[in-house]
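# Close look at the chain arrangement
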Amino acid sequence: MSKTFDVKSAGISVVVGTAFVVLLTWWSGTDFRSPVFPFMGMLAGFIISGLLVGFVSKEETIAEPGVASLAVGALSYVILTSMELKCFSMLQGDVFTTNILLVIFNGIILTFAGAWAGEKFQGTFEKKVSGDEPSEYLEWGWIVSGSILGITLSMIVANIILKVAGLVYTPFFLALVLGLFITGLVIGWKSPGITVKEATLAGFITTVLNLDIFKLSLDPETHYLTTTTVIVALAAGLVSSYIGGIVGEKIQAAN
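Presented here is a report on the structure given in the accompanying data block. (Residues numbered from 1 in each chain as written. Predicted model: local features only at pLDDT ≥ 70, side-chain atom pairs only at ≥ 80, totals over all residues. Heavy atoms only, no water.)

### Observations regarding the overall build of the chain
Check the secondary structure of the chain and you find 9 helices and 0 strands. In sequence order, the secondary structure elements of the chain are arranged as α-α-α-α-α-α-α-α-α. When the 255 residues of the chain are sorted by exposure, 47% land in the buried category. Counting only carbon and sulfur atoms, one obtains 73% of the accessible surface of the chain, whose full area is about 12600 Å². (Helix = DSSP H or I, 4+ residues; strand = E, 2+ residues; numbered from the N terminus. Buried < 20%, exposed > 50% of the residue type's maximum accessible area, 1.4 Å probe, protein only. Areas by Shrake-Rupley, 256 points an atom, 1.4 Å probe, with all protein chains shown as cover.)

Now the structure itself:
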């Protein structure tokens, strides 16, 4: 039996999560010019949001953390940008938008992690019966293993392409798309049941972590990583991992 969207848990998560994100960011953002500690506060707020979704909901949450984290991110962005905090004074224009987007995308991942922890505290996973409609539940083992595989493949493909083409953006996107397509294919092919959603979520996590690595190692001051680049990379990662998952399911069905 398919479960309905839990509006109550998602709503509580949005309200409380937004309050914590704004409060924790403001708490240190008024004293420091560096955005490091305020960004840490933002991420903590997202985790709290996920914990609430997982703990308050009656069943395992899949859509609720995603919807809640997007709402928390949007509301927090509007509120924080209107507050003119000292911590963001060094980030101007697209540099600020790019950094905020990356923090929000990382926050979405942490919201899912918080939701998983909340479900563990609630005892949801202990209640579900093995073999009863497994497609209703996210297989976190495949999401984690898929993310590890995706990051590894992306790094290998990127090194091969960059060695040939040089340090330009095109190889970055090619490595991301190819690596995540293979990741989705492997998850769909090797995992039991229908796991396209696991492949897609692994693609999202892998894309964000790749952007984090790129940001911290090659582009610490965001001279090249723009808002458009982040959005295009995320879209490419989601689509390629989703298509790979479908292809993998087809291969599994054929065998």
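### Points about the packing of helix H1 (residues 7-29) against helix H3 (residues 63-83)
Relative orientation of the contacting elements H1 and H3 amounts to 35 degrees, with a least axis distance of 8 Å. The handedness of the crossing between H1 and H3 is right-handed. Two secondary-structure elements touch here, H1 through Ser-9, Ala-10, Ser-13, Val-14, Gly-17, Thr-18, Val-21, Val-22, Thr-25 and Trp-26 and H3 through Glu-64, Ala-68, Ala-71, Val-72, Leu-75, Ser-76, Ile-79, Leu-80 and Met-83. Residue classes in the contact of H1 with H3 are distributed as 12 nonpolar, 6 polar and 1 charged. (Axes fitted to C-alpha atoms, helices over the stretch in contact; angles between N-to-C directions. Left-handed = near helix turned anticlockwise from the far one by under 90°. Contact = heavy atoms within 4.5 Å. Nonpolar A, V, L, I, M, F, W, Y, C, P; charged D, E, K, R; others polar.)

### Focus on the side chain of Ser-69
Looking at the secondary structure, you find Ser-69 in helix H3. Exposure remark for Ser-69: the relative accessible area of 0% places this residue in the buried category. Every residue in contact with Ser-69, bar those within four places of it in the chain, is listed here: Phe-46, Ile-108 and Thr-111.

### Some thoughts on the environment of Ile-160
Turning to its location among the elements, Ile-160 is positioned in helix H6 (residues 140-165). With a relative accessible area of 53%, Ile-160 lands in the exposed category. The spatial distance from the C-alpha of Ile-160 to the C-alpha of Ala-175 is 8.9 Å, given a sequence separation of 15 residues.

### Some thoughts on the packing of aromatic side chains
For the structure shown, the criterion picks out 2 aromatic pairs. Pairing Trp-26 with Trp-27 gives two aromatic rings, centres 6.2 Å apart and planes at 65 degrees, and the pair type is edge-to-face. The exposed category is assigned to Trp-27, whose relative accessible area is 61%. With centroids separated by 6.3 Å and ring planes inclined at 85 degrees, the aromatic side chains of Phe-105 and Phe-204 adopt a geometry described as edge-to-face. Of this pair, Phe-105 sits in helix H4 (residues 94-122) while Phe-204 sits in helix H8 (residues 196-217); the two residues are 99 residues apart in sequence, bridging distant segments of the chain. Like Phe-204, Phe-105 is buried. (Phe/Tyr/Trp six-rings, centres within 6.5 Å; stacked < 30°, edge-to-face > 60°.)

### Thoughts on a nonpolar patch on the surface
A cluster of nonpolar residues, Leu-23, Trp-26, Trp-27, Leu-75, Tyr-77, Val-78, Ile-79 and Met-83, forms a patch on the protein surface that exposes about 760 Å² of accessible area. Top element by residues in the nonpolar patch is H3. It accounts for 5 residues. By the element assignment, Met-83 lies in helix H3. (Patch = residues over 30% accessible without salt bridge, like charges linked within 9 Å, V, L, I, M, F, W, Y side chains within 5 Å. Salt bridge = Lys/Arg side-chain N within 4 Å of Asp/Glu carboxyl O.)

### Side note on H1
Taking 1.5 Å per residue as the helical rise, H1 with its 23 residues ought to reach 33 Å, and the 32 Å between its terminal C-alpha atoms agrees with that figure. Turning to H1, its buried residues number three or more, namely Ser-9, Ala-10, Ser-13, Val-14, Gly-17, Thr-18, Val-21, Val-22, Thr-25, Ser-28 and Gly-29. Tucked into the core, H1 has its buried residues touching helix H2 (36-56) and H3. (Expected span 1.5 Å × (residues − 1).)

### So, the side chain of Asn-106
When you line up the elements, Asn-106 lands in helix H4. You can call Asn-106 buried: its relative accessible area is 17%. Of note is the side chain of Asn-106, whose polar atom sits 2.7 Å from the backbone oxygen of Leu-102. When residues no more than four places from it in sequence are discounted, the contact partners of Asn-106 are Leu-43, Val-208 and Asp-212. (Polar contact = N/O pair within 3.5 Å; in protein donor to acceptor, adjacent residues only side chain to side chain.)

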